[in-house]
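Descriptive analysis of the structure
Residue-level listing of the chains:
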Amino acid sequence: MKILFIHGLASSGAYKMASSLRILLKGSEVIAPDVPIEPSEALAMLEGICSIDRPDLIVGHSLGGFWAQKLRGFRKFLVNPDLHVSRLLRSKIGVMEYLSPRLDGASTFEITEEICQGYEALEAIQFKDLDKSEVALTTSMFADHDEMVDCFEEFNSFYPGRGHRYPGTHLPNYPQIKEYFLPVILNEISSK
């Protein structure tokens, strides 16, 4: 089984959720790249990985959930997806620190108005041509006490019945991943 994990803003492929998936899904290959902040670079990288590696499941957290749902034709599991990351980015224009180590050693990144505009343009078309087969490929879990973002209602308006709540906050911990996400992931994998 091949899984593509897409991390959230200010994170990396070394984020604890990727390592939790490796532990819980022994025998599966978990691909967890360091995604660039620049939107066209990020999308090109992720589309390239999908084209070459053909993952059986894409798991995306926060900004990674936004990216995952744009990768059409693949089974997806989104965790607290931020469908309007440009709003958050606009409040953080400037230099930010990464919260987990990146392979290239970078410790900071810069958010610019141009990057915000790039995300805003992609957000405007994120549900374009969304059909029933794509809806059926996409499931999402939303924390009931997410302190950063809550797109539950909007997600369910485009993916009816595909969004679910779990008790927690924006950054899930290992016990939550094991108790709430693992059964859904295993179900998604067995549905393939």
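See the structure above.
I will try to describe carefully the structure that is included in this document. (Residues numbered from 1 in each chain as written. Predicted model: local features only at pLDDT ≥ 70, side-chain atom pairs only at ≥ 80, totals over all residues. Heavy atoms only, no water.)

**Here's the deal with the environment of G8**
Along the chain, G8 turns up in the loop between β1 (2-6) and α1 (16-24). Sequence separation between G8 and G65 is 57 residues; the distance between their C-alpha atoms is 7.7 Å. Excluding residues that lie within four positions of it along the chain, G8 makes contacts with H61, S62, L63 and G64. (Helix = DSSP H or I, 4+ residues; strand = E, 2+ residues; numbered from the N terminus. Contact = heavy atoms within 4.5 Å.)

**Overview of the packing of aromatic side chains**
We describe a pair of aromatic rings using the distance from one ring centre to the other and the angle between the two ring planes. Under the criterion given, the structure shown has 13 aromatic pairs. When the ring of F66 is compared with that of Y119, the centres are 6.4 Å apart and the planes differ by 55 degrees; the resulting orientation is tilted. On the criterion of sequence distance, the pair formed by F66 in helix α3 (residues 63-70) and Y119 in helix α5 (residues 113-124) is long-range, its members being 53 residues apart. Given a relative accessible area of 0%, F66 falls into the buried group. (Phe/Tyr/Trp six-rings, centres within 6.5 Å; stacked < 30°, edge-to-face > 60°. Buried < 20%, exposed > 50% of the residue type's maximum accessible area, 1.4 Å probe, protein only.)

**Some points on the pairing of strand β8 (residues 163-166)**
Pairing geometry for strand β7 (residues 138-143) and β8, over four bridges, is parallel. Counterpart to S140 in the pairing with β8 is G163. (Pairing = 2+ DSSP bridges.)

By themselves these figures say nothing about function.
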